[in-house]
Amino acid sequence: MATAAATSASEAEAEPKAGPTAEGEEDEVKAARTRRKVLSRAVAAATYKAMGPGWDQQEEGVSESDGDEEYAMASSAESSPGEYEWEYDEEEEKNQLEIERLEEQLSINVYDYNCHVDLIRLLRLEGELTKVRMARQKMSEIFPLTEELWLEWLHDEISMALDGLDREHVYDLFEKAVKDYICPNIWLEYGQYSVGGIGQKGGLEKVRSVFERALSSVGLHMTKGLAIWEAYREFESAIVEAARLEKVHSLFRRQLAIPLFDMEATFAEYEEWSEDPIPESVIQNYNKALQQLEKYKPYEEALLQAEAPRLAEYQAYIDFEMKIGDPARVQLIFERALVENCLVPDLWIRYSQYLDRQLKVKDLVLSVHNRAVRNCPWTVALWSRYLLAMERHGVDHQVISDSSKELEELRSAFTRALEYLKQEVEERFNESGDPSCMIMQNWARIEARLCNNMQKARELWDSIMTKGNAKYANMWLEYYNLERAHGDTQHCRKALHRAVQCTSDYPEHVCEVLLTMERTEGTLEDWDIAVQKTETRLARVNEQRIKVAEKEAALAQQEEEKAEQRKRARAEKKALKKKKKTRGADKRKAEEDDEKEWGDDEEEQPSKRRKVEDSTPSAGEAQDREPEAGLLGKSVPVDVDPPSKQKERAAALKRDVPKVPHDSSKDSITVFVSNLPYSMSEPDVQLRPLFEACGEVAEIRPIFSNRGDFRGYCYVEFKEEKSALQALELDRKNVEGRPMFVSPCVDKSKNPDFKVFRYSTALEKHKLFVSGLPFSCTKEELEEICKAHGTVKDIRLVTNRAGKPKGLAYVEYESESQASQAVLKMDGMTVKENVIKVAISNPPQRKVPEKPEARRAPGGALVPRQIYGARGKGRTQLSLLPRALQRPGAPAAQAENGPAPRPAVTTSAATEAPKMSNADFAKLLLRK
């Protein structure tokens, strides 16, 4: 058992490290060792105590007398410290000072949770058992304790329990512990500890009662419930009774009917233990439980893989259980979720709402409400639900209040609530517990309606307005309605006049209400005053709105100017780059012309597409060059081509590769690859290993320009169609810093409607669009931010064609609820000094190009979109044709009546001017 292991560990730890030099130090070490041993070994002694001859105490080496002896030694060591010369070292003095500081801090603020935990830890370290017990008691009255704190407290109390009264005290502690949270480990310790009291009166019934309650509480727990079942069966197997066999049979059958992890091992154990064949009904229930287990496994595995607090996983699990509708399982999953998310008010509200509407069990409902306000005391909604639940279940009035004077009691309750919100919520948590002042509004309404005390109601409303609510029209209208119902016209008029001056969100509404009241109930003088005030106020509001609009317009104009400047700078940079490129081309052309001048004059003019001959000279040519060098009297060195020349030769070789026309019949086994780096020297060699992973590659055809430069795209032909389909999954794969685009090979002339864009352009409620991200944000960093709000299925960072991020991303969640929650939490979040925007993915509709059929006239002829000039659709419509060649056009015929005549369509042979060469243009210019 766990207690025996703890005992052995404590014994090993308690051994002295070195022999003390002084007698006083030796006695001190001995006393400390005795105290530590009694805290651990007494656990096992209490467990096996009074178990009778069926339990072998000697085998474990633990006896009751040993525990009593050691406890007596520890007590004597504590009770008479004067016998030993205690010499506190520096560490102990430091701990004592820290204990005093923590106690003083708690005397100032008793709600400091971490201060309680630190104090208990130091007191326990110093062996102050009485002070530790008092500190734990105080903390448990204010806060619910975690499983770790309860187990530590229980182990210490178990180690000190020596008689029946101490055992009853430990039982009371266990009862308190199992009420805070659902803790299978505490129930297991409770059952094992109750076994130690089996020798007392009613001990057997006590043990069975504890185990049955444990099964009711955590027996359905998928992962931890198995330990409770096994401990209960082991206990029943150890009891020597005639009816124990039937009891063990019953436990096996009950357990096999519940879906739990490792059910197969339990079934095999039952087959081995049982002497009779297993009944058919038990096998049917077991198979049914296995089927249920398969449905629950995905949710349990999601919890095991996720990190605490796993709120999104628990929310999905709760939704699944509520669809099934088993109340016990719904209650269990809520309790499991609250162990890790006890400070989430929404989860408590959802749990209490389910109990109020579905189970309606008084003790259970009130217990959950009480635990909710203990965990989240700053949430007004939980307190109001708790009060409604107590009223709904008829709780005694004395439980809710402490006074018989109902009016004074109610006012005192309102006052305490406001003081609590101010001191314990606003000051401690830095947020308003009641931003709309609903408590004060209800108090004012009760004072006006039930107590006829409008003076108190008006004082309360003055306090409400001074808390920052005077700028809201709805607050003033709420106060006005209260005055209309229970006050007088004078105060109504006064309230509306104040509202006109103070309201900033909807002043028009308040002004309209004031004019309506004066129109029906006021005098002419009151009407004039109201009109003057409302017109002045509205004029001022309009001026403020105009200024705000002008300011926003100026900011927008500044942004547009900045964008235009950036656009102009990019254009200039692009033009400069293009100019440099043109200069380089002109320079290379000039060099080629110089080479031609030294060559043969009768050499034929090369065609536009240059042909590169083999640059390696033959043996004869090498011999002819040597005499020429001798005639000059100098040794001519062999020219070694520079790298640029070698690159030109490689490009020339690529130009001379015969072009293979694309075979459309092989489109099904071919993919089109684009957006590749232009710097790739041998695309077919570099891309082949990448695509051979998808299947056997028949051919890779890179496309080169007339100059031999790689154009960034190619065709990859496979042997089988399935390989081509698999290659499509390589789309957007990074190749030398750029995303490679892989798409099906489709002839767009035959399929004009084919779209390569593979992402959805419709509304996707489970996917988020994130903008404003810093360019340095990686996919892993964004996933770390998003997974706190739900299960992230996929993240796609949007990049340009060069692979550089654009500050945009798409985040896909498992469900719509998780995506909605992420929008609320992440929108406006700051990531690396950038404020991001988050919204549900709903891309705008893509512009569909107009089809030729849509522009056909009723007669069937195509209607031109726009009649362009002589140069077509260009940036300017100026014709650069020399004036000497321009011919006056025929004057357009004017129509006196009816529509203007259409321009005559002439044939190209009749109107087209003869083509002229550059020499003809030169002659024309020389004549002038």
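Residues numbered from 1 in each chain as written. Predicted model: local features only at pLDDT ≥ 70, side-chain atom pairs only at ≥ 80, totals over all residues. Heavy atoms only, no water.

- Going by what an unreviewed UniProt entry lists, the chain is known as Spliceosome associated factor 3, U4/U6 recycling protein and is assigned to Panthera tigris altaica.
- UniProt, in its Subcellular location (unreviewed entry) section for the chain, records the words "Nucleus". (UniProt positions renumbered as here; feature names shortened; annotations may be inferred.)

## Some points on the overall build of the chain
Thinking step 1. Across its full length, the chain carries 36 helices and 11 strands.
Thinking step 2. By the burial criterion, 33% of the 928 residues in the chain qualify as buried.
Thinking step 3. Surface exposure of the chain reaches about 60100 Å², of which carbon and sulfur atoms provide 51%. (Helix = DSSP H or I, 4+ residues; strand = E, 2+ residues; numbered from the N terminus. Buried < 20%, exposed > 50% of the residue type's maximum accessible area, 1.4 Å probe, protein only. Areas by Shrake-Rupley, 256 points an atom, 1.4 Å probe, with all protein chains shown as cover.)

## Overview of the sheet that holds strand β11 (residues 837–841)
Thinking step 1. Read across the sheet, 4 strands follow the order β7-β8-β6-β11 without closing on themselves; strand pairing throughout is antiparallel. The open sheet has two edge strands, β7 (792–799) and β11, and neither has a second partner. On average, adjacent strands in this sheet sit at an angle of 25° to one another, irrespective of strand direction.
Thinking step 2. Bridge count for strand β6 (residues 764–771) against β11 is 5 bridges, and the pairing is antiparallel. Bridged to E764 within β11 is S841.
Thinking step 3. Taken strand by strand, helix α33 (residues 779–786) contacts β7 and β8 (805–813), and its axis lies near 135° from that of β7.
Thinking step 4. Packed onto the sheet, helix α34 (residues 816–826) meets β6, β8 and β11 and runs at close to 25° relative to β6. (Pairing = 2+ DSSP bridges. Axes fitted to C-alpha atoms, helices over the stretch in contact; angles between N-to-C directions. Contact = heavy atoms within 4.5 Å.)

## What to know about helix α16 (residues 311–324)
Thinking step 1. Helix length check: α16, at 14 residues, gives a terminal C-alpha distance of 20 Å against a target of 20 Å (1.5 Å per residue), a fit within 8%.
Thinking step 2. Among the residues making up α16, those that are buried are A312, E313, Y314, Y317, I318, F320 and E321.
Thinking step 3. Buried residues in α16 make contact with α15 (280–305), α17 (327–340), α18 (345–359) and α34.
Thinking step 4. One or two positions beyond α16, positive phi appears at G325, with a value near 90°. (Expected span 1.5 Å × (residues − 1).)

## What about the sheet that holds strand β4 (residues 733–735)?
Thinking step 1. The strand order across the open sheet built from 5 strands is β2-β3-β1-β5-β4, with neighbouring strands paired in antiparallel fashion. The open sheet has two free edges, formed respectively by β2 (697–704) and β4, since each of these has just one partner strand. Taking the axes of each pair of neighbouring strands and ignoring which way they run, one obtains an average angle of 30° across the sheet.
Thinking step 2. Two elements, β4 and strand β5 (residues 738–744), share 3 bridges in a ladder whose sense is antiparallel. Bridge pairing in β5 links N734 to P739.
Thinking step 3. In the packing of helix α31 (residues 683–692) onto the sheet, the strands contacted are β1 (670–674), β2, β3 (710–718), β4 and β5, and the crossing angle to β2 comes to about 140°.

## Structural notes on the packing of aromatic side chains
Thinking step 1. Summed over all chains, the structure comprises 25 aromatic pairs.
Thinking step 2. Taking the centre distance of 6.2 Å and the plane angle of 50° together, the rings of Y171 and Y190 count as tilted. Separated by 19 residues along the polypeptide, Y171 in helix α9 (residues 164–180) and Y190 in helix α10 (residues 184–195) bring together distant segments of the chain. Neither Y171 nor Y190 differs from the other in exposure class; each is buried.
Thinking step 3. Ring geometry for Y296 against Y317: centres 6.4 Å apart, planes inclined by 45°, an arrangement best described as tilted. (Phe/Tyr/Trp six-rings, centres within 6.5 Å; stacked < 30°, edge-to-face > 60°.)

## Thoughts on the nonpolar core
Thinking step 1. By size, the foremost hydrophobic cluster in this structure holds 129 residues, and its most contacted members are F174, I186, F235 and W461.
Thinking step 2. Among residues more than four places away in sequence, those in contact with I186 are E147, W150, L151, L154, F174, A177 and V178. (Core = buried A, V, L, I, M, F, W, Y, C linked by side-chain atoms within 4.5 Å.)

## Examining the packing of helix α19 (residues 362–375) against helix α20 (residues 380–392)
Thinking step 1. With their axes 9 Å apart at the nearest point, α19 and α20 run at an angle of 155° to one another. As the angle between them shows, α19 and α20 are arranged roughly antiparallel. Relative to α20, α19 is oriented so that their crossing is left-handed. Contacts from V365, L366, H369, N370, A372 and V373 in α19 reach L382, W383, R385, Y386, A389 and M390 in α20.
Thinking step 2. When grouped by side-chain class, the residues that make up the contact of α19 with α20 number 9 nonpolar, 2 polar and 1 charged. (Parallel < 35°, antiparallel > 145°, perpendicular 65-115°, else oblique. Left-handed = near helix turned anticlockwise from the far one by under 90°. Nonpolar A, V, L, I, M, F, W, Y, C, P; charged D, E, K, R; others polar.)

## A short note on unusual backbone geometry
Thinking step 1. That bond from A308 to P309 is cis: its omega, 10°, falls within 30 degrees of zero.
Thinking step 2. Summarising the element assignment, P309 is placed in the loop between α15 and α16.
Thinking step 3. One non-glycine residue, R310, lies in the positive phi region at around 55°.
Thinking step 4. Of note, R310 is situated in the loop between α15 and α16.
Thinking step 5. The phi angle at E833 is positive, at roughly 70°, despite the residue not being glycine.
Thinking step 6. Along the chain, the position of E833 falls in the loop between β9 (830–831) and β10 (834–835).

## A word on the pairing of β5
Thinking step 1. Judged by how many residues are buried, β5 sits mostly within the fold: 6 of 7 residues are covered.
Thinking step 2. Two successive antiparallel strands, β4 and β5, enclose a turn made up of 2 residues, where E736 displays a positive phi of approximately 55°.

## A few points about helix α14 (residues 263–273)
Thinking step 1. Inspection of α14 places M263, T266, F267 and Y270 among the buried residues, and these make up the whole buried set. In a view along the axis of α14, the buried residues occupy a sector of 100°, so they form one face of it. (Arc of directions from axis to C-beta.)

## Let's talk about the environment of R385
Thinking step 1. Tracing the chain through its elements places R385 in helix α20.
Thinking step 2. Looking at R385, the relative accessible area reads 26%, which means it is partly exposed.
Thinking step 3. A sequence separation of 36 residues divides R385 from I349, and the C-alpha atoms of the two residues are 8.4 Å apart.
Thinking step 4. Leaving out residues up to four positions away in the same chain, R385 has contacts with I349, S352, Q353 and H369.

## Topic: the packing of α10 against helix α11 (residues 203–218)
Thinking step 1. One way to put it is that α10 packs onto α11 with a least axis distance of 9 Å and a crossing angle of 170°. Considering their axes alone, α10 and α11 lie roughly antiparallel with respect to each other. Judged by residue contacts, P184, W187, Y190, G191, Q192, S194 and V195 of α10 engage K206, V207, V210, F211, R213, A214, S217 and V218 from α11.
Thinking step 2. Tallied by class, the residues present in the contact of α10 with α11 amount to 9 nonpolar, 4 polar and 2 charged.

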